[in-house]
Amino acid sequence: MQRPRLIGGVAMGLLVVILFLLPVLYAVMLAFESPAHFLNSPLTPGSPDVHNFSGAWSQADLGTELLNTVLYSVVAAGLSTLLGLMIAFPIARRLVRGSGALYTLLFVGLFLPFSVIPLFAEARMLHLYNNRPGYILLHVEPGLPLAVLLLTAFISSIPAELDEAAWMEGSGYLTYLMRVVVPLTRPALLIAFLYGLLGVWNDIIGPVVLLADPNLFPVTRGVYNFFGSNESEWTLLAAGIVIVSLPVVALFAFSQRQIIRTAIAGAVKG
Amino acid sequence: MWLGLLLGLAVYALFGLVPMLGNVVISFTDYTALPNAPVHNIGWTNYASMFSGNAPGFDQGVVATVVFVLGVTLGQNALALLLAHRLSGSGRAAAIGRMLVFLPIALGVTVVGLLWILIFNPQQGPAESFLGLFGIHSAFFGADNWAMVLVIFVQIWQNAGFSTLVFIGGLRAIDPQIYEASGMDGVGAWTRLRRITFPLLAPAVTANVLLAVVGAFTTYNLIYVLTDGQYGTQTLGMLAYNVAFGSFEANLGYGAAVSVVLFIITLIVALPLMAALRLRERRLLG
């Protein structure tokens, strides 16, 4: 009984490492290789060479694009978390009639496909096309449904007495939300923000359809174009991917416990 | 309070619900988004041309969509089940494993797509070197007989982590006493998995199958990065995008019509599937 289990465990570990770690390590190795070394022995690491990184950084204009990406994803995810709270609180506390129906309406939103053609038409009509505020506004909605669901569940689990007392003392609704509700719901707010952030950060269709000016491009479109214009310069391209991934990987490393725990917990309820 | 609620709902309506209806409206027009080009109501023309055989992309799109949805749904759930079975523990190795399989979701479709393009680089990529040992040479993402298989594989790789976590949630919800009470101590691990664990996982199976099916029907962003729908990988979602934004005609009306048909097909498949899976849950869990 023990032997096959051990072998199974080792085989599974190997599968995970080969399937999920090796591809990533390969890209990192490639990024540190000189083009000449890659031509001669493409599969072995050479002496580390950082020229690919400086090359990719300047040629793909990654600095500007990273700043754009950070701006878009932080502001859009922040807004959708805030609006999510504004919707979730009255629903969770049943302060409005038809809370259940509202909740269902938002739930449906999780399954709505990203309708890029009408969004493009709307962006054109409302002057949201090819500018930063418009791009951000168009990216608030995708994060809303999940934010509302997470926050509704979380607020419902806090006893109402905890926060109602403070409201009775006569502070305004917004002050009350910020002073009392936000601190209590911080873990759920963080998760909603992170999922929203990843969604905006990693969007590729949006930047291709809704932006035309290269100065406005986020890093996804930047690195995608970089691949198109530097075919066969594999070491340079690998460096581009590594640079682009670093911020997300860092963010993920710092928050993965909460992100993963939420996904596992969601499965039990769903 | 009302102001905040209404503001939130307005954003949701304007950029979530209106586009859904907008798709239907645009699908009855010849909208091209070219400056100063007039927009006409052309009735069912876009739909008629889809089914007339004059639009070759549509028939191929249906075939590609069916292959893609089947491949992704089966592959993603099989892999996720296998991974979840081993990664549901509380140990350190399992935690690292969970982080690794979830990493592609954090990396996002663009980086993931480009990463696999590097690996399947037909000139000197590692896949070429490895398969070359067996005498296999190919253009991979640029080859008709390879592109679809690889696109399915990368879609699975990208999303298996999430399905794995859903299965882990399901596994953790199973009461360990059930295994002891079942009186099947003597049987092998495989029988136990098949007879006890898998039936009890029914709710997680429902969630994961639906997620994979709906995801495979509607998303095309990874295909866009990998092949842009070339070499037999143009699913209906990709087709809708390409006729609208990928060609010189910029036929947004036709693209919207394809999106509407895709949405209806998704509902026709997903709703009965959901009903069947829920029935299965009730049958297995009582």
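Quantities reported herein were computed from a predicted structural model and do not represent experimental measurements. (Residues numbered from 1 in each chain as written. Chains lettered and ligands numbered in written order. Predicted model: local features only at pLDDT ≥ 70, side-chain atom pairs only at ≥ 80, totals over all residues.)

Attention now moves to the overall build of chain B. The number of helices and strands found in chain B is twelve helices and zero strands. Sequence-ordered secondary structure for chain B, helices as α and strands as β, is α-α-α-α-α-α-α-α-α-α-α-α. Dimensions of chain B, computed from the C-alpha atoms along their principal axes, are close to 75 × 60 × 40 Å. Within the span of chain B, comprising 286 residues, buried residues form 45% of the whole. Counting only contacts in chain B whose residues sit at least 6 apart along the sequence, the fraction spanning at least 24 positions is 70%. (Helix = DSSP H or I, 4+ residues; strand = E, 2+ residues; numbered from the N terminus. Buried ≥ 20, exposed ≤ 12 C-beta atoms within 10 Å, placed from the backbone. Contact = placed C-beta atoms within 7 Å.)

Check the secondary structure of chain A and you find 14 helices and zero strands. For chain A, the α and β elements follow one another from N to C terminus as α-α-α-α-α-α-α-α-α-α-α-α-α-α. Overall, chain A is about 75 × 65 × 30 Å in size when its C-alpha atoms are taken along their principal axes. Counting only residues that meet the buried cut, chain A has 45% of its 270 residues in that class. Considering only residue pairs separated by 6 or more positions, chain A has 74% of its internal contacts joining residues 24 or more positions apart.

With 93% of its residues at a pLDDT of 70 or more, chain A has an overall mean of 87. Looking across chain A, the model is least confident in helix 9 (residues 160-168) of chain A, with a mean pLDDT of 66, and most confident in helix 7 (residues 132-138) of chain A, with 96. (pLDDT = per-residue confidence, 0-100.)

Here we take up unusual backbone geometry. With glycine set apart, most residues show a phi of negative sign, and most peptide bonds adopt trans. Residues other than glycine seldom take positive phi values, yet R94(A) does so here, at roughly 55 degrees. Mapped onto the fold, R94(A) is located in the loop between helix 4 (62-92) and helix 5 (99-108). Phi at F140(B) takes a positive value of approximately 50 degrees, unusual for a residue other than glycine. Here F140(B) shows up in the loop between helix 5 (126-132) and helix 6 (144-172).

Right, let's talk about the interface of chain A and chain B for a bit. Counting residues at the interface gives 66 residues for chain A and 64 residues for chain B. Within the residue set of the side of chain A that touches chain B, elements represented by two or more residues are helix 1 (2-31), helix 4, helix 6 (116-125), helix 11 (186-201), helix 12 (205-210), helix 13 (219-229) and helix 14 (234-269) of chain A. Considering each element in turn, the side of chain A that touches chain B owes the most residues, 16 residues, to helix 14 of chain A. Grouping the amino acids of the side of chain A that touches chain B by side-chain chemistry returns 53 nonpolar, ten polar and three charged. (Nonpolar A, V, L, I, M, F, W, Y, C, P; charged D, E, K, R; others polar.)

Right, let's talk about the environment of T175(A) for a bit. All names here are of chain A. Tracing the sequence through the fold places T175 in helix 10 (residues 173-184). Judged by C-beta crowding, with 11 C-beta atoms within 10 Å, T175 ranks as exposed. Measuring from C-alpha to C-alpha, the distance between T175 and L236 comes to 51 Å, with 61 residues separating the pair along the chain.

Formed by 168 residues in total, the largest nonpolar core has its most connected members in L151(A), A192(A), A238(A), I241(A), L118(B) and V258(B). Look past the residues within four positions of I241(A) in its chain and what remains in contact with it is A27(A), V223(A), V111(B), L114(B) and L115(B). (Core = buried A, V, L, I, M, F, W, Y, C linked by C-beta atoms within 7 Å.)

It is worth spelling out the packing of helix 4 (residues 92-119) of chain B against helix 6 of chain B at this point. Residue and element names in this part refer to chain B. At their nearest, the axes of helix 4 and helix 6 sit 8 Å apart, and the two run at 175 degrees to each other. When the interaxial angle is binned, helix 4 and helix 6 end up roughly antiparallel. On helix 6, the residues touching V101, F102, P104, I105, V109, V112, G113 and W116 of helix 4 are V154, W157, Q158, A160, G161, F162, T164 and L165. In the contact of helix 4 with helix 6, the residues fall into twelve nonpolar, four polar and no charged. (Axes fitted to C-alpha atoms, helices over the stretch in contact; angles between N-to-C directions. Parallel < 35°, antiparallel > 145°, perpendicular 65-115°, else oblique.)

Below, the discussion takes up the environment of L190(A). By the element assignment, L190(A) lies in helix 11. On a C-alpha basis, the gap between L190(A) and Q258(A) in space is 8.9 Å, while along the polypeptide they are 68 residues apart.

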